[in-house]
Amino acid sequence: MQKDVGSVVVKRGLAQMLKGGVIMDVVTPEHAKIAEDAGACAVMALERVPADIRVTGGVARMSDPELILKIIDAVSIPVMAKCRIGHFVEAQVLESLGVDFIDESEVLTPADEAHHINKHDFKVPFVCGCRNLGEALRRIGEGAAMIRTKGEAGTGDVGEAVRHARSVLGEIRRLQTMAPEELMAYAKEIGAPYELVVETKELGRLPVVNFAAGGIATPADAALMMQLGVDGNFVGSGIFKSGDPARRAKAIVEATTHYRDANIIAEVSKNLGEPMVGRTVESMPQAERIAGRGW
Amino acid sequence: MKIGVLALQGAFIEHEAVLKRLGVDAVEVRLPADLDGVDGVIIPGGESTTMGKLAVQYQLIEPLRELAHAGKPLWGTCAGLIFMAKDVGRDQPLLGLMDVTVQRNAFGRQVDSFEANLNIQGVDGDRLFHAIFIRAPLIEAVGAGVEVLARVEKDDAEVIVAARQGNLLVTSFHPELSNDDRFHRYFLKMAESKT
């Protein structure tokens, strides 16, 4: 019996199974258990959440393999881990550890100022951030099996995630109205592979699953992103930088499932304790913003 | 014909799309009231722990069991198979309807996820079924009333990946991701015979 592993279908397929769910940043096996118990559909194993990466400064790299393995052992749900943009050896290491998904992430310090990883080379699927349709389709062209908005990680300010989701989803809506002869010029304008522009127009959505990420901190934030049209949510610093992580995590999971039901969102939002303090993106100097990383 | 698709988390839209292509009404089930008037329920792939916790929190466990006991067909794919099983070897919320013992993530991690062509008992046509396995579970043991529908090779042995017990159907792979609706038509026949 022939078994095909690492195909586009099984890579994109895992992302399809994550839809409607919440993927949570965790920095210890104990956090990972709290996330799983709260109903996370996957966890992102990290040494520091983005809010702490901002505080610590310096070069942010792939996490210690030992920590990632401990988190893999702690939970039954999929485990993701981050590598630097363009750092294909960090990606090879993460694949060898058995992580289920790699996030080629702008939250870490980019290792290549011009190129992303050729993700077709790997059996493990990749998720990449984007701010607009052109960036999303370039990443898919390189082999990404899943897309997320970049938002502005580690701020607790959902505004940038909204901007990026509106940009991608609005551009797809405009694409629907274009005549066939306009598509090549549009592909050139947004710097995207022509075939993927055509496919996106035909599908009326990205050819891969599209999550929100970057600044989601409350159940209402999570439901807002779902109503805007994303397939699920990443929550990073927003959970474990809040007053009562277990409770907030569970509330964000429930708000993501029942995203159109304001009564349920209201109910789960009660008495959650302090949200992460957060920082408005507007108040940040350009040099501290990370969403611009990626090419 | 109206089929409910459990929409707590996972790949429910893919099942809805196949049902709509086959001319069947598909309704998303997130709360017990969404089950009113359904002729059957599909429990999709996703994360079984996430689905189980949400099903407990929103009081869906008993209504789903009642539907099954009333003879309405239930079909679980991947996480849905886990959720319908009696025993999965660990403590997590389950419907506990199907007399099978399931091993979760039985083929390894995501890099071991695979596609393979299967010979499936009772599904129309002579063609093999192209099956997609994603961090898939397998069925280690089945009770007396369970009919095995398909097996796949694993470590030089053949393991069970599809089974039926009366009005209950389970597959450890994802027919909603294949461009082949024979499994969905098989399930709809089960539903038709009950209406």
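What counts as what
Counting from 1, residues in each chain are numbered in the order their sequence is written. Written order determines the labels here, with chains lettered from A and ligands numbered from 1. Only residues with pLDDT of 70 or above have their local features reported here, since the model is predicted, and side-chain atom pairs are shown and tallied only from 80 upward, although totals for entire chains, interfaces and linings are computed over all residues. The side-chain numbers reported here are obtained from all heavy atoms of the structure, hydrogens and water having been left aside. Here a residue-residue contact requires only that any non-hydrogen atoms of the pair lie within 4.5 Å. Put simply, buried area is how much 1.4 Å-probe accessible surface two parts lose in total, over both of them, once they are put together. Whenever a carboxyl oxygen of Asp or Glu lies within 4 Å of a side-chain nitrogen of Lys or Arg, that contact is scored as a salt bridge. The term polar contact refers here to a pair of N or O atoms within 3.5 Å; inside protein, the definition further demands a hydrogen-donor-capable atom paired with an acceptor-capable atom, and it admits residues adjacent in sequence only when both atoms are side-chain atoms. Here a helix means four or more residues in a row that DSSP labels H or I, a strand means two or more in a row labelled E, and each is numbered from the N terminus. Just so you know the grouping, Ala, Val, Leu, Ile, Met, Phe, Trp, Tyr, Cys and Pro go in nonpolar, Asp, Glu, Lys and Arg go in charged, and all remaining residues, Gly too, go in polar. For two strands to count as paired, DSSP must find a minimum of two bridges between them. Pairing of aromatic rings covers Phe, Tyr and Trp, the last through its six-membered ring, and needs centres within 6.5 Å; plane angles under 30 degrees mean stacked, over 60 mean edge-to-face, and all others mean tilted. Charges are assigned to positions over rings by a cutoff of 6 Å between ring centre and Lys NZ or Arg CZ, combined with an angular limit of 35 degrees from the ring normal. We define a nonpolar core as any set of buried Ala, Val, Leu, Ile, Met, Phe, Trp, Tyr and Cys residues linked to one another through side-chain atoms lying within 4.5 Å. Exposure classes here rest on a 1.4 Å probe applied to the protein chains alone. A residue is buried below 20% of its type maximum, exposed above 50%, and partly exposed in between.

Student: Any chance you could explain the interface of chain B and chain A here in plain terms?
Tutor: Interfaces are often sized by the accessible area lost when the parts come together. Each partner contributes residues to the interface: chain B has 43 residues there, and chain A has 44 residues. For the pairing of chain B and chain A, the buried interface totals around 3300 Å² over both sides, and the portion due to carbon and sulfur atoms is 54%. Where glutamate 36 of chain A meets arginine 90 of chain B, a salt bridge forms, and the shortest distance between an N and an O atom there is 4.0 Å. At the boundary of chain B with chain A, the tally comes to 23 residue pairs in polar contact (both at pLDDT 80 or more). Secondary-structure elements contributing two or more residues to the side of chain B that touches chain A are α1 (12-21), α2 (48-57), β7 (114-118), β8 (129-133) and β10 (147-154) of chain B. Of the residues that constitute the side of chain B that touches chain A, the class distribution is 17 nonpolar, 12 polar and 14 charged. Bridging between strand β1 (residues 4-5) of chain A and β7 of chain B involves 2 bridges; their strand directions are antiparallel.

Student: In this structure, what is going on with the sheet that holds β8 of chain B? I would like to understand it.
Tutor: In sheet architecture, strand pairing relies on hydrogen bonds along the backbone and comes in two forms, parallel and antiparallel. Spatial ordering of the open sheet is given by β1(A)-β7(B)-β8(B), a layout of 3 strands whose pairing is antiparallel. The open sheet has two edge strands, β1 of chain A together with β8 of chain B, and neither has a second partner.

Student: What is the right way to look at the packing of aromatic side chains in this model?
Tutor: Any pair of aromatic rings gets described here by the distance separating the centres and the angle formed by the planes. The final tally for this structure, using the stated rule, is 12 aromatic pairs over all chains. Judged by centre distance (5.4 Å) and plane angle (85°), the rings of phenylalanine 129 of chain B and phenylalanine 183 of chain B are edge-to-face. Taken together, the residues span a long stretch of sequence, with phenylalanine 129 of chain B in strand β8 and phenylalanine 183 of chain B in helix α5 (residues 182-192) at a distance of 54 residues. A cation over an aromatic ring shows up here: lysine 3 of chain A above the ring of phenylalanine 114 of chain B, its NZ or CZ 4.5 Å from the ring centre.

Student: Quick question: what am I supposed to make of the nonpolar core here?
Tutor: When a protein is soluble and globular, its nonpolar side chains tend to lie buried together. In terms of nonpolar packing, the biggest core is built from 91 residues, with Met24, Leu94 and Met225 of chain A together with Ile43, Leu74 and Leu95 of chain B touching the most fellow members. Apart from the residues lying within four places of it in its own chain, the contact partners of leucine 74 of chain B are Val41, Ile43, Leu64, Leu67, Ala68, Met84, Leu95, Leu97, Asn167, Leu168, Leu169 and Phe187 of chain B. Counting 35 residues, the second largest nonpolar core, distinct from the first, contains Ala7, Trp75, Leu118 and Leu169 of chain B.

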